[in-house]
Amino acid sequence: MYKEKTSSQWKNLDASYHLHPFTDFQEYQSSKGRIIEKAEHIYIYDTDGKKYLDAMSGLWCCSLGYTQPAIGEAVANQFNQLPYYNNFFQCSNAPAAELAERLVKISPKQFTHVFFTNSGSEANDTNIRLIRRYWDLKKQPKKRYIIARSNAYHGSTIAAASLGGFKSVHDQFETLPYTSHIIEPNWFTEGENHSSKDFGIIAAQELEKRIDEIGEANIAAFIAEPIQGAGGVIVPPSSYWPEVQRILNERDILFVSDEVICGFGRTGSMFGCETYNTKPDLITFAKAVTNGFQPLGGVLVNDRISEVITKDGGEFGHGFTYSGHPIACAAALATLDILEKQNFVSRVANDIGPYLQSKWHELSDHEIVGHIRGAGMLGSIELVRDKITNERLEPDQKAGGICREFCIANNLVMRAVGDSMIISPPFVCSHEDIDLLIERARKSLDQTAAYYNV
Ligand SMILES: Cc1ncc(COP(=O)(O)O)c(C=O)c1O
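Quick caveat, the model's predicted, so the values are computed rather than measured.

Asker: Is there a simple way to think about the site of the ligand in this case?
Answerer: Near the ligand the following residues occur: Ser119, Gly120, Ser121, Asn124, Tyr153, His154, Gly155, Glu225, Asp258, Val260, Ile261 and Lys287. In isolation the ligand has 390 Å² of accessible area, and contact with the protein removes 85% of it. Looking at the shell around the ligand, the element that brings in the most residues is helix H6 (residues 120–137), giving 3 residues. Its residues placed into classes, the shell around the ligand shows 3 nonpolar, 6 polar and 3 charged.

This is the structure:
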(Lines give C-alpha, C1' and ligand atoms only; values in the text may rest on other atoms or scores of the structure.)
Protein backbone atom coordinates (compact mmCIF):
# COMPACT_ATOMS: atom_id res chain seq x y z
CA MET A 1 0.00 0.00 0.00
CA TYR A 2 1.17 3.55 -0.60
CA LYS A 3 1.81 5.99 2.24
CA GLU A 4 -0.56 8.96 2.64
CA LYS A 5 0.74 12.26 1.29
CA THR A 6 -0.56 15.78 0.77
CA SER A 7 -1.84 16.75 -2.67
CA SER A 8 1.27 18.74 -3.53
CA GLN A 9 3.52 15.90 -2.34
CA TRP A 10 1.72 13.52 -4.71
CA LYS A 11 2.06 15.97 -7.59
CA ASN A 12 5.76 16.54 -6.98
CA LEU A 13 6.40 12.82 -6.65
CA ASP A 14 4.56 12.04 -9.86
CA ALA A 15 6.17 14.86 -11.84
CA SER A 16 9.60 13.70 -10.66
CA TYR A 17 9.39 10.08 -11.79
CA HIS A 18 6.43 9.32 -14.01
CA LEU A 19 6.38 9.71 -17.82
CA HIS A 20 2.74 9.91 -18.97
CA PRO A 21 1.11 8.78 -22.23
CA PHE A 22 0.51 11.48 -24.87
CA THR A 23 1.93 14.15 -22.56
CA ASP A 24 4.44 16.97 -23.07
CA PHE A 25 6.88 15.91 -20.36
CA GLN A 26 8.32 19.36 -19.84
CA GLU A 27 4.90 20.99 -19.60
CA TYR A 28 3.91 18.39 -16.99
CA GLN A 29 6.93 19.30 -14.87
CA SER A 30 5.40 22.72 -14.29
CA SER A 31 1.64 22.03 -14.57
CA LYS A 32 1.81 18.90 -12.38
CA GLY A 33 -1.69 17.96 -13.50
CA ARG A 34 -4.25 16.40 -11.22
CA ILE A 35 -3.99 13.27 -9.10
CA ILE A 36 -7.29 11.37 -9.17
CA GLU A 37 -7.83 9.60 -5.88
CA LYS A 38 -11.36 8.22 -5.88
CA ALA A 39 -14.49 7.87 -7.98
CA GLU A 40 -18.16 7.09 -7.62
CA HIS A 41 -21.04 6.81 -10.12
CA ILE A 42 -19.93 9.21 -12.90
CA TYR A 43 -17.84 11.50 -10.70
CA ILE A 44 -14.09 11.54 -10.04
CA TYR A 45 -12.32 13.33 -7.18
CA ASP A 46 -8.79 14.71 -7.16
CA THR A 47 -6.40 15.09 -4.24
CA ASP A 48 -7.30 18.79 -3.98
CA GLY A 49 -10.82 17.66 -3.04
CA LYS A 50 -12.35 18.74 -6.34
CA LYS A 51 -15.22 16.67 -7.78
CA TYR A 52 -15.64 16.41 -11.56
CA LEU A 53 -18.42 15.06 -13.72
CA ASP A 54 -16.51 12.66 -15.98
CA ALA A 55 -18.07 13.05 -19.42
CA MET A 56 -15.37 10.80 -20.95
CA SER A 57 -16.05 7.57 -18.97
CA GLY A 58 -12.37 7.58 -17.99
CA LEU A 59 -10.81 7.00 -21.40
CA TRP A 60 -13.98 5.71 -23.14
CA CYS A 61 -13.94 2.68 -20.79
CA CYS A 62 -16.22 3.05 -17.78
CA SER A 63 -19.57 2.81 -19.57
CA LEU A 64 -21.18 1.56 -16.38
CA GLY A 65 -19.65 4.32 -14.28
CA TYR A 66 -17.27 3.81 -11.40
CA THR A 67 -19.56 2.15 -8.84
CA GLN A 68 -19.98 -1.48 -9.88
CA PRO A 69 -19.14 -3.65 -6.85
CA ALA A 70 -20.14 -6.89 -8.63
CA ILE A 71 -17.12 -6.50 -10.92
CA GLY A 72 -14.87 -6.09 -7.88
CA GLU A 73 -16.40 -9.20 -6.29
CA ALA A 74 -15.81 -11.22 -9.45
CA VAL A 75 -12.19 -10.04 -9.49
CA ALA A 76 -11.70 -10.94 -5.81
CA ASN A 77 -13.32 -14.37 -6.22
CA GLN A 78 -11.19 -15.16 -9.24
CA PHE A 79 -8.10 -13.96 -7.41
CA ASN A 80 -8.81 -16.44 -4.63
CA GLN A 81 -9.57 -19.29 -7.05
CA LEU A 82 -6.89 -18.85 -9.74
CA PRO A 83 -5.04 -15.51 -9.83
CA TYR A 84 -3.01 -16.37 -12.93
CA TYR A 85 -2.30 -19.04 -15.42
CA ASN A 86 -1.30 -18.73 -19.06
CA ASN A 87 -3.19 -19.92 -22.12
CA PHE A 88 -0.15 -21.29 -23.97
CA PHE A 89 0.77 -25.00 -24.23
CA GLN A 90 -2.76 -26.40 -24.57
CA CYS A 91 -4.01 -24.79 -21.34
CA SER A 92 -6.96 -22.54 -20.65
CA ASN A 93 -9.00 -21.32 -17.70
CA ALA A 94 -12.72 -21.24 -16.98
CA PRO A 95 -13.35 -17.47 -17.26
CA ALA A 96 -11.43 -17.26 -20.57
CA ALA A 97 -13.39 -20.17 -22.05
CA GLU A 98 -16.71 -18.78 -20.85
CA LEU A 99 -15.92 -15.24 -22.00
CA ALA A 100 -14.89 -16.42 -25.47
CA GLU A 101 -18.25 -18.18 -25.88
CA ARG A 102 -20.14 -15.20 -24.49
CA LEU A 103 -18.44 -12.73 -26.84
CA VAL A 104 -19.13 -14.93 -29.86
CA LYS A 105 -22.80 -15.21 -28.82
CA ILE A 106 -23.31 -11.45 -28.49
CA SER A 107 -21.49 -10.60 -31.73
CA PRO A 108 -22.86 -10.72 -35.30
CA LYS A 109 -23.45 -14.27 -36.50
CA GLN A 110 -20.34 -14.59 -38.70
CA PHE A 111 -18.07 -14.47 -35.63
CA THR A 112 -16.95 -17.82 -34.28
CA HIS A 113 -13.76 -17.30 -32.23
CA VAL A 114 -11.88 -14.86 -30.00
CA PHE A 115 -8.16 -14.13 -29.55
CA PHE A 116 -7.44 -12.33 -26.25
CA THR A 117 -4.92 -9.53 -25.70
CA ASN A 118 -4.40 -6.96 -22.95
CA SER A 119 -5.26 -3.85 -24.93
CA GLY A 120 -6.72 -2.46 -28.11
CA SER A 121 -3.25 -1.79 -29.50
CA GLU A 122 -2.19 -5.41 -29.08
CA ALA A 123 -5.50 -6.49 -30.57
CA ASN A 124 -4.77 -4.47 -33.71
CA ASP A 125 -1.27 -5.95 -33.88
CA THR A 126 -2.98 -9.33 -33.63
CA ASN A 127 -5.26 -8.34 -36.52
CA ILE A 128 -2.24 -7.69 -38.73
CA ARG A 129 -0.81 -11.09 -37.81
CA LEU A 130 -4.13 -12.86 -38.46
CA ILE A 131 -4.69 -11.05 -41.75
CA ARG A 132 -1.23 -11.87 -43.04
CA ARG A 133 -1.52 -15.50 -41.99
CA TYR A 134 -4.89 -15.75 -43.68
CA TRP A 135 -3.69 -14.44 -47.04
CA ASP A 136 -0.51 -16.52 -46.93
CA LEU A 137 -2.57 -19.63 -46.32
CA LYS A 138 -4.90 -18.61 -49.15
CA LYS A 139 -1.78 -18.54 -51.37
CA GLN A 140 -2.06 -14.82 -51.94
CA PRO A 141 1.15 -13.59 -50.29
CA LYS A 142 1.16 -10.34 -52.23
CA LYS A 143 -1.89 -9.17 -50.28
CA ARG A 144 -0.10 -7.03 -47.69
CA TYR A 145 -1.44 -3.48 -47.73
CA ILE A 146 -3.87 -2.35 -45.07
CA ILE A 147 -5.90 0.74 -45.87
CA ALA A 148 -6.81 2.96 -42.92
CA ARG A 149 -7.99 6.54 -42.55
CA SER A 150 -6.50 9.88 -41.56
CA ASN A 151 -7.20 10.85 -37.97
CA ALA A 152 -8.01 7.26 -37.08
CA TYR A 153 -6.72 5.99 -33.75
CA HIS A 154 -5.90 2.29 -33.54
CA GLY A 155 -3.40 2.30 -30.66
CA SER A 156 0.20 2.97 -29.79
CA THR A 157 2.32 -0.03 -30.60
CA ILE A 158 4.35 0.49 -33.77
CA ALA A 159 1.88 -1.51 -35.82
CA ALA A 160 -1.25 0.03 -34.32
CA ALA A 161 0.17 3.56 -34.54
CA SER A 162 1.06 2.89 -38.20
CA LEU A 163 -2.58 1.98 -38.84
CA GLY A 164 -3.61 5.13 -37.01
CA GLY A 165 -3.78 8.30 -39.02
CA PHE A 166 -2.16 10.99 -36.87
CA LYS A 167 0.64 12.78 -38.70
CA SER A 168 2.12 14.13 -35.45
CA VAL A 169 2.46 10.53 -34.21
CA HIS A 170 3.85 9.23 -37.52
CA ASP A 171 6.49 11.96 -37.43
CA GLN A 172 7.99 10.39 -34.29
CA PHE A 173 8.87 6.91 -35.67
CA GLU A 174 9.13 4.86 -38.88
CA THR A 175 5.66 3.59 -39.79
CA LEU A 176 5.08 0.17 -41.32
CA PRO A 177 5.57 0.40 -45.09
CA TYR A 178 2.38 -1.49 -45.94
CA THR A 179 -0.21 0.94 -44.57
CA SER A 180 -2.01 3.51 -46.67
CA HIS A 181 -4.44 6.19 -45.49
CA ILE A 182 -7.52 7.68 -47.12
CA ILE A 183 -9.54 10.68 -45.89
CA GLU A 184 -11.77 10.47 -42.86
CA PRO A 185 -15.51 11.02 -43.40
CA ASN A 186 -15.44 14.36 -41.59
CA TRP A 187 -17.89 16.55 -43.44
CA PHE A 188 -17.03 19.62 -41.33
CA THR A 189 -13.32 19.61 -42.17
CA GLU A 190 -13.23 17.79 -45.53
CA GLY A 191 -16.69 18.32 -47.05
CA GLU A 192 -15.94 21.55 -48.94
CA ASN A 193 -19.14 22.63 -50.72
CA HIS A 194 -20.69 19.19 -50.92
CA SER A 195 -23.86 18.20 -49.13
CA SER A 196 -23.27 15.82 -46.25
CA LYS A 197 -24.82 13.00 -48.27
CA ASP A 198 -22.67 13.61 -51.35
CA PHE A 199 -19.55 13.96 -49.24
CA GLY A 200 -20.27 10.60 -47.54
CA ILE A 201 -20.23 8.93 -50.95
CA ILE A 202 -17.11 10.80 -52.05
CA ALA A 203 -15.22 9.84 -48.86
CA ALA A 204 -16.29 6.19 -49.23
CA GLN A 205 -15.21 6.10 -52.86
CA GLU A 206 -11.71 7.12 -51.76
CA LEU A 207 -11.48 3.51 -50.61
CA GLU A 208 -12.37 2.22 -54.07
CA LYS A 209 -9.87 4.57 -55.69
CA ARG A 210 -7.07 3.55 -53.32
CA ILE A 211 -7.76 -0.15 -53.88
CA ASP A 212 -7.41 0.46 -57.62
CA GLU A 213 -4.26 2.56 -57.22
CA ILE A 214 -2.44 -0.06 -55.14
CA GLY A 215 -4.11 -2.98 -56.91
CA GLU A 216 -6.66 -5.31 -55.31
CA ALA A 217 -4.14 -8.14 -55.53
CA ASN A 218 -1.93 -6.21 -53.08
CA ILE A 219 -4.59 -5.17 -50.57
CA ALA A 220 -5.09 -7.32 -47.49
CA ALA A 221 -7.63 -5.32 -45.52
CA PHE A 222 -9.40 -2.10 -44.65
CA ILE A 223 -9.55 -1.05 -40.98
CA ALA A 224 -11.93 1.56 -39.61
CA GLU A 225 -13.75 2.62 -36.47
CA PRO A 226 -17.55 2.83 -36.95
CA ILE A 227 -17.32 6.33 -35.46
CA GLN A 228 -13.78 7.72 -35.19
CA GLY A 229 -13.37 8.48 -31.50
CA ALA A 230 -9.98 9.95 -30.66
CA GLY A 231 -9.91 11.72 -34.05
CA GLY A 232 -12.76 13.95 -32.79
CA VAL A 233 -15.91 11.79 -32.60
CA ILE A 234 -16.32 11.84 -36.35
CA VAL A 235 -19.84 10.58 -36.98
CA PRO A 236 -19.88 9.80 -40.71
CA PRO A 237 -22.63 11.04 -43.04
CA SER A 238 -25.45 8.47 -43.32
CA SER A 239 -24.41 7.70 -46.91
CA TYR A 240 -20.87 6.68 -45.94
CA TRP A 241 -21.08 3.16 -44.52
CA PRO A 242 -23.57 1.78 -47.08
CA GLU A 243 -21.21 2.89 -49.85
CA VAL A 244 -18.14 1.46 -48.08
CA GLN A 245 -19.98 -1.84 -47.61
CA ARG A 246 -20.96 -1.86 -51.30
CA ILE A 247 -17.26 -1.50 -52.19
CA LEU A 248 -16.20 -4.19 -49.71
CA ASN A 249 -18.83 -6.57 -51.14
CA GLU A 250 -17.28 -6.20 -54.58
CA ARG A 251 -13.64 -6.60 -53.50
CA ASP A 252 -11.74 -9.51 -52.07
CA ILE A 253 -10.28 -7.73 -49.05
CA LEU A 254 -10.84 -8.22 -45.34
CA PHE A 255 -12.57 -5.64 -43.18
CA VAL A 256 -11.63 -4.88 -39.57
CA SER A 257 -14.13 -2.94 -37.49
CA ASP A 258 -12.15 -1.39 -34.65
CA GLU A 259 -14.75 -1.29 -31.89
CA VAL A 260 -12.48 -0.39 -28.99
CA ILE A 261 -14.71 2.65 -28.43
CA CYS A 262 -17.92 1.72 -30.26
CA GLY A 263 -18.25 -1.81 -28.86
CA PHE A 264 -20.50 -2.90 -25.99
CA GLY A 265 -23.36 -0.52 -26.55
CA ARG A 266 -21.82 2.91 -27.06
CA THR A 267 -23.67 3.56 -30.33
CA GLY A 268 -26.94 1.96 -29.20
CA SER A 269 -26.21 -1.55 -30.55
CA MET A 270 -23.90 -4.11 -28.98
CA PHE A 271 -21.35 -3.33 -31.72
CA GLY A 272 -21.03 -0.26 -33.92
CA CYS A 273 -21.01 -2.42 -37.06
CA GLU A 274 -24.60 -3.37 -36.19
CA THR A 275 -25.61 0.29 -35.92
CA TYR A 276 -24.17 0.90 -39.39
CA ASN A 277 -25.05 -2.48 -40.86
CA THR A 278 -21.53 -3.36 -42.00
CA LYS A 279 -20.14 -6.90 -42.22
CA PRO A 280 -16.65 -7.06 -40.71
CA ASP A 281 -14.38 -10.09 -40.77
CA LEU A 282 -12.59 -9.04 -37.59
CA ILE A 283 -13.70 -6.90 -34.64
CA THR A 284 -11.17 -5.24 -32.33
CA PHE A 285 -12.43 -4.80 -28.76
CA ALA A 286 -11.03 -3.58 -25.41
CA LYS A 287 -11.88 -0.88 -22.86
CA ALA A 288 -15.59 -1.26 -21.94
CA VAL A 289 -15.42 -5.07 -22.09
CA THR A 290 -14.28 -4.88 -18.43
CA ASN A 291 -15.76 -1.42 -17.82
CA GLY A 292 -12.08 -0.40 -17.79
CA PHE A 293 -11.56 -2.13 -14.43
CA GLN A 294 -9.07 -4.70 -15.78
CA PRO A 295 -6.83 -4.51 -18.86
CA LEU A 296 -8.35 -6.74 -21.52
CA GLY A 297 -8.65 -6.57 -25.29
CA GLY A 298 -9.00 -8.95 -28.14
CA VAL A 299 -10.14 -9.79 -31.63
CA LEU A 300 -13.37 -11.43 -32.69
CA VAL A 301 -12.61 -13.64 -35.70
CA ASN A 302 -15.20 -14.64 -38.30
CA ASP A 303 -15.86 -18.10 -39.74
CA ARG A 304 -14.02 -17.34 -43.01
CA ILE A 305 -10.73 -16.56 -41.24
CA SER A 306 -10.98 -18.98 -38.32
CA GLU A 307 -11.64 -21.89 -40.70
CA VAL A 308 -8.52 -21.19 -42.77
CA ILE A 309 -6.13 -20.51 -39.89
CA THR A 310 -7.43 -23.52 -37.97
CA LYS A 311 -7.47 -26.06 -40.79
CA ASP A 312 -4.27 -25.21 -42.62
CA GLY A 313 -2.31 -22.92 -40.33
CA GLY A 314 -0.25 -25.10 -37.98
CA GLU A 315 0.99 -23.23 -34.94
CA PHE A 316 0.09 -19.52 -34.89
CA GLY A 317 3.29 -17.86 -33.66
CA HIS A 318 1.71 -15.05 -31.69
CA GLY A 319 0.36 -14.40 -28.18
CA PHE A 320 0.86 -12.65 -24.89
CA THR A 321 1.73 -13.80 -21.37
CA TYR A 322 -1.55 -12.30 -20.18
CA SER A 323 -3.76 -13.34 -23.13
CA GLY A 324 -7.00 -14.53 -21.51
CA HIS A 325 -5.88 -13.57 -18.01
CA PRO A 326 -8.38 -15.22 -15.64
CA ILE A 327 -8.96 -12.12 -13.50
CA ALA A 328 -9.48 -9.84 -16.50
CA CYS A 329 -11.86 -12.37 -18.06
CA ALA A 330 -13.79 -12.68 -14.78
CA ALA A 331 -14.13 -8.89 -14.73
CA ALA A 332 -15.44 -8.98 -18.32
CA LEU A 333 -18.02 -11.66 -17.50
CA ALA A 334 -19.29 -9.58 -14.57
CA THR A 335 -19.38 -6.48 -16.81
CA LEU A 336 -21.40 -8.28 -19.49
CA ASP A 337 -23.78 -9.57 -16.80
CA ILE A 338 -24.55 -6.00 -15.75
CA LEU A 339 -24.73 -4.72 -19.34
CA GLU A 340 -27.20 -7.43 -20.31
CA LYS A 341 -29.29 -7.85 -17.16
CA GLN A 342 -29.82 -4.12 -16.79
CA ASN A 343 -30.49 -3.66 -20.54
CA PHE A 344 -27.93 -0.91 -20.97
CA VAL A 345 -27.67 -1.27 -24.73
CA SER A 346 -31.37 -0.62 -25.09
CA ARG A 347 -31.10 2.24 -22.58
CA VAL A 348 -28.50 3.86 -24.86
CA ALA A 349 -30.69 3.27 -27.94
CA ASN A 350 -34.01 4.36 -26.44
CA ASP A 351 -33.57 6.51 -23.38
CA ILE A 352 -30.31 8.04 -22.23
CA GLY A 353 -28.74 8.15 -25.73
CA PRO A 354 -31.60 10.13 -27.33
CA TYR A 355 -31.82 12.34 -24.22
CA LEU A 356 -28.10 13.14 -24.42
CA GLN A 357 -28.35 13.84 -28.16
CA SER A 358 -31.33 16.18 -27.79
CA LYS A 359 -29.62 18.17 -25.03
CA TRP A 360 -26.20 18.13 -26.74
CA HIS A 361 -27.68 19.43 -29.99
CA GLU A 362 -29.27 22.34 -28.10
CA LEU A 363 -25.71 23.69 -27.80
CA SER A 364 -25.75 24.37 -31.56
CA ASP A 365 -27.33 27.76 -30.80
CA HIS A 366 -24.13 28.83 -29.04
CA GLU A 367 -22.18 31.58 -30.81
CA ILE A 368 -18.89 29.64 -30.98
CA VAL A 369 -20.37 26.25 -31.94
CA GLY A 370 -19.89 25.72 -35.68
CA HIS A 371 -21.00 22.12 -35.97
CA ILE A 372 -22.37 19.39 -33.71
CA ARG A 373 -22.05 15.64 -34.15
CA GLY A 374 -23.34 12.81 -32.03
CA ALA A 375 -24.70 9.28 -31.88
CA GLY A 376 -25.60 7.04 -28.97
CA MET A 377 -23.45 8.14 -26.03
CA LEU A 378 -20.88 10.04 -28.12
CA GLY A 379 -20.76 13.70 -29.04
CA SER A 380 -18.52 16.42 -30.41
CA ILE A 381 -18.71 20.13 -31.11
CA GLU A 382 -16.51 22.21 -33.38
CA LEU A 383 -15.40 25.56 -31.96
CA VAL A 384 -15.46 28.50 -34.38
CA ARG A 385 -15.30 32.30 -34.34
CA ASP A 386 -17.72 32.66 -37.23
CA LYS A 387 -20.62 30.27 -37.69
CA ILE A 388 -21.05 31.19 -41.36
CA THR A 389 -17.45 30.95 -42.58
CA ASN A 390 -16.34 28.45 -39.88
CA GLU A 391 -13.26 30.57 -39.22
CA ARG A 392 -11.54 29.14 -36.15
CA LEU A 393 -11.12 31.09 -32.91
CA GLU A 394 -7.35 31.22 -33.40
CA PRO A 395 -4.86 29.57 -35.76
CA ASP A 396 -3.38 26.15 -34.92
CA GLN A 397 -6.53 24.89 -33.18
CA LYS A 398 -5.53 26.10 -29.70
CA ALA A 399 -9.06 27.04 -28.64
CA GLY A 400 -9.94 23.46 -27.71
CA GLY A 401 -7.27 23.46 -25.01
CA ILE A 402 -8.54 26.79 -23.67
CA CYS A 403 -12.12 25.51 -23.56
CA ARG A 404 -10.96 22.30 -21.87
CA GLU A 405 -9.32 24.33 -19.09
CA PHE A 406 -12.59 26.18 -18.53
CA CYS A 407 -14.36 22.80 -18.35
CA ILE A 408 -11.90 21.61 -15.70
CA ALA A 409 -12.44 24.82 -13.74
CA ASN A 410 -16.19 24.14 -14.00
CA ASN A 411 -15.81 20.57 -12.66
CA LEU A 412 -16.39 18.88 -16.01
CA VAL A 413 -14.07 16.44 -17.80
CA MET A 414 -14.56 17.04 -21.50
CA ARG A 415 -11.74 16.30 -23.95
CA ALA A 416 -10.31 18.57 -26.65
CA VAL A 417 -9.11 17.16 -29.99
CA GLY A 418 -7.78 20.23 -31.73
CA ASP A 419 -10.84 22.50 -31.77
CA SER A 420 -13.35 19.68 -31.32
CA MET A 421 -14.75 19.24 -27.81
CA ILE A 422 -15.75 15.63 -27.33
CA ILE A 423 -17.73 13.58 -24.84
CA SER A 424 -18.40 9.90 -24.22
CA PRO A 425 -20.40 9.80 -20.98
CA PRO A 426 -21.24 6.65 -19.01
CA PHE A 427 -24.52 4.84 -19.79
CA VAL A 428 -25.50 5.03 -16.11
CA CYS A 429 -26.00 8.81 -16.33
CA SER A 430 -29.39 9.97 -15.12
CA HIS A 431 -31.22 12.69 -17.03
CA GLU A 432 -30.19 15.07 -14.22
CA ASP A 433 -26.52 14.10 -14.74
CA ILE A 434 -26.85 14.94 -18.44
CA ASP A 435 -28.52 18.27 -17.58
CA LEU A 436 -25.58 19.09 -15.32
CA LEU A 437 -23.09 18.07 -18.03
CA ILE A 438 -24.78 20.40 -20.54
CA GLU A 439 -25.03 23.25 -18.02
CA ARG A 440 -21.29 23.03 -17.32
CA ALA A 441 -20.44 22.65 -21.02
CA ARG A 442 -22.48 25.75 -21.88
CA LYS A 443 -20.82 27.76 -19.13
CA SER A 444 -17.39 26.67 -20.43
CA LEU A 445 -18.38 27.69 -23.97
CA ASP A 446 -19.54 31.09 -22.68
CA GLN A 447 -16.18 31.60 -20.96
CA THR A 448 -14.29 30.50 -24.08
CA ALA A 449 -16.29 32.97 -26.18
CA ALA A 450 -15.54 35.76 -23.68
CA TYR A 451 -11.83 34.80 -23.67
CA TYR A 452 -11.76 35.29 -27.46
CA ASN A 453 -13.95 38.42 -27.33
CA VAL A 454 -16.67 36.82 -29.45
C1 LIG B 1 -10.48 2.80 -31.72
C2 LIG B 1 -9.32 2.46 -30.85
N3 LIG B 1 -8.55 1.40 -31.18
C4 LIG B 1 -7.49 1.03 -30.43
C5 LIG B 1 -7.18 1.73 -29.30
C6 LIG B 1 -5.98 1.33 -28.49
O7 LIG B 1 -6.40 0.75 -27.29
P8 LIG B 1 -5.38 0.63 -26.06
O9 LIG B 1 -5.13 2.02 -25.56
O10 LIG B 1 -6.13 -0.26 -25.11
O11 LIG B 1 -4.15 -0.02 -26.58
C12 LIG B 1 -7.94 2.82 -28.91
C13 LIG B 1 -7.63 3.58 -27.68
O14 LIG B 1 -8.20 4.61 -27.39
C15 LIG B 1 -9.04 3.20 -29.70
O16 LIG B 1 -9.80 4.27 -29.41
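Additional details are given in the paragraphs that follow.
Asker: For this particular structure, what's the right way to read the pattern of salt bridges?
Answerer: Two side chains bearing opposite charge may form a pair once their charged atoms approach each other closely. In total, this model carries 23 salt bridges according to the counting rule given. When the shortest N-O distance is used, the salt bridge between Lys105 and Glu101 registers 2.8 Å. Pair noted here: Lys105 and Glu101 are both in helix H5 (residues 94–106), with a separation of 4 residues, about one helical turn. A relative accessible area of 44% places Glu101 in the partly exposed class. Two residues, Lys167 and Asp171, come together in a salt bridge whose shortest N-O distance is 2.8 Å. Just as Lys167 is exposed, Asp171 falls in that class too. Among the charged side chains, a salt-bridge network with shared partners connects Glu208, Glu243, Arg246 and Glu250.

Asker: Quick question: what am I supposed to make of the nonpolar core here?
Answerer: When a protein is soluble and globular, its nonpolar side chains tend to lie buried together. Leu99, Leu103, Phe116, Phe264, Leu339 and Trp360 are the most contacted members of the largest nonpolar core, which totals 69 residues. Considering each element in turn, this core owes the most residues, 10 residues, to helix H14 (residues 326–341). Ignoring any residue separated from it by four or fewer positions in sequence, one finds Trp360 in contact with Ile372, Arg373, Gly379, Ser380, Ile381, Met414, Met421, Ile423, Leu437 and Ile438. Ile147, Phe222, Leu248 and Val417 belong to the second-largest nonpolar core, a separate cluster that totals 34 residues.

Asker: Help me understand the packing of aromatic side chains, please; the structure alone is not making it clear to me.
Answerer: The relation between two aromatic rings is expressed through the spacing of the ring centres and the mutual angle of the planes. The full count for this structure, using the stated rule, is 15 aromatic pairs. Here the aromatic cluster, defined as three or more aromatic residues joined through ring pairs, consists of Phe222, Tyr240, Trp241 and Phe255. Its end group placed over the ring of Trp10, Lys5 keeps NZ or CZ at 4.6 Å from the ring centre. Against the face of Trp135 rests Lys143, its NZ or CZ located 4.7 Å from the ring centre.

Asker: Help me understand the pairing of strand E15 (residues 420–423), please; the structure alone is not making it clear to me.
Answerer: Residues in a regular strand project their side chains so that they alternate between the two faces of the sheet. Along E15, one buried face is formed by Ser420 and Ile422 and the opposite face, lined by Met421 and Ile423, is buried too. Where strand E12 (residues 378–383) meets E15, 4 bridges bridge the pair, whose relative direction is antiparallel. In the strand pairing of E15, Ile381 is matched with Met421. Taken together, the 3 bridges between strand E14 (residues 415–417) and E15 define a ladder with antiparallel strand orientation. Residue pairing in the sheet places Arg415 in a bridge with Ile422 of E15. Adjacent in sequence and paired antiparallel, E14 and E15 are bridged by 2 residues, among which Gly418 carries a positive phi angle near 60°.

Asker: How should I be thinking about the sheet that holds strand E11 (residues 369–375) in this particular structure?
Answerer: Consider a sheet: its strands pair through backbone hydrogen bonds, and that pairing is either parallel or antiparallel. What the 4 strands build is an open sheet, ordered E11-E12-E15-E14; its pairing is antiparallel. Of all the strands in the sheet, just E11 and E14 have a single pairing partner and so form its edges. Averaged over all pairs of adjacent strands, the angle between strand axes in this sheet comes to 25°, irrespective of strand direction. Contacting E11, E12 and E15, helix H16 (residues 352–362) crosses the sheet at an angle of about 175° to E11.

Asker: Would you mind showing me how to read the side chain of Lys11 here?
Answerer: With respect to the helices and strands, Lys11 occurs in helix H1 (residues 7–17). Of note is the side chain of Lys11, whose polar atom sits 2.8 Å from the side chain of Asp48. Non-local contacts of Lys11, meaning those with residues more than four positions away in its chain, are made with Lys32, Gly33, Ile35 and Asp48.

Asker: I would appreciate a short explanation of the packing of H16 against helix H18 (residues 431–451) in the present structure.
Answerer: Two quantities define a packed helix pair, namely the angle between the helix axes and the distance between the axes. Relative to each other, H16 and H18 sit at 20°, their axes nearing to 10 Å. Judged by the angle between their axes, H16 and H18 are roughly parallel. Crossing geometry of H16 relative to H18 is assigned as right-handed. In this structure, H16 contributes Ile352, Tyr355, Leu356, Lys359, Trp360 and Glu362 to the contact, and H18 contributes His431, Ile434, Asp435, Leu437, Ile438 and Arg442. Each residue belonging to the contact of H16 with H18 can be placed in one class, and the counts come to 7 nonpolar, 1 polar and 4 charged.

Asker: In this structure, what is going on with the sheet that holds strand E5 (residues 145–149)? I would like to understand it.
Answerer: Taken in spatial order, the 7 strands line up as E4-E10-E9-E8-E7-E5-E6 in an open sheet, and their pairing is mixed. Both outer strands of the open sheet, strand E4 (111–117) and strand E6 (179–182), are each paired with one neighbouring strand and no more. Each strand axis lies, on average, 20° off the axis of its neighbour in the sheet, ignoring direction. Pairing of E5 with E6, which is carried by 4 bridges, proceeds in the parallel orientation. Paired with Arg149 across the two strands is Ile182, which belongs to E6. Strands in contact with helix H11 (residues 240–250) are E5, strand E7 (219–224) and strand E8 (254–258); relative to E7, the strand with the most contacts, it is inclined by about 165°. Sheet contacts for helix H13 (residues 303–311): E4, E8, strand E9 (282–285) and strand E10 (297–302); angle to E10, the most-contacted strand, approximately 90°.

Rules of the game
- Residues numbered from 1 in each chain as written.
- Predicted model: local features only at pLDDT ≥ 70, side-chain atom pairs only at ≥ 80, totals over all residues.
- Heavy atoms only, no water.
- Near = heavy atom within 4 Å.
- Areas by Shrake-Rupley, 256 points an atom, 1.4 Å probe, with all protein chains shown as cover.
- Helix = DSSP H or I, 4+ residues; strand = E, 2+ residues; numbered from the N terminus.
- Nonpolar A, V, L, I, M, F, W, Y, C, P; charged D, E, K, R; others polar.
- Salt bridge = Lys/Arg side-chain N within 4 Å of Asp/Glu carboxyl O.
- Buried < 20%, exposed > 50% of the residue type's maximum accessible area, 1.4 Å probe, protein only.
- Core = buried A, V, L, I, M, F, W, Y, C linked by side-chain atoms within 4.5 Å.
- Contact = heavy atoms within 4.5 Å.
- Phe/Tyr/Trp six-rings, centres within 6.5 Å; stacked < 30°, edge-to-face > 60°.
- Lys NZ or Arg CZ within 6 Å of the ring centre and 35° of its normal.
- Pairing = 2+ DSSP bridges.
- Axes fitted to C-alpha atoms, helices over the stretch in contact; angles between N-to-C directions.
- Polar contact = N/O pair within 3.5 Å; in protein donor to acceptor, adjacent residues only side chain to side chain.
- Parallel < 35°, antiparallel > 145°, perpendicular 65-115°, else oblique.
- Left-handed = near helix turned anticlockwise from the far one by under 90°.

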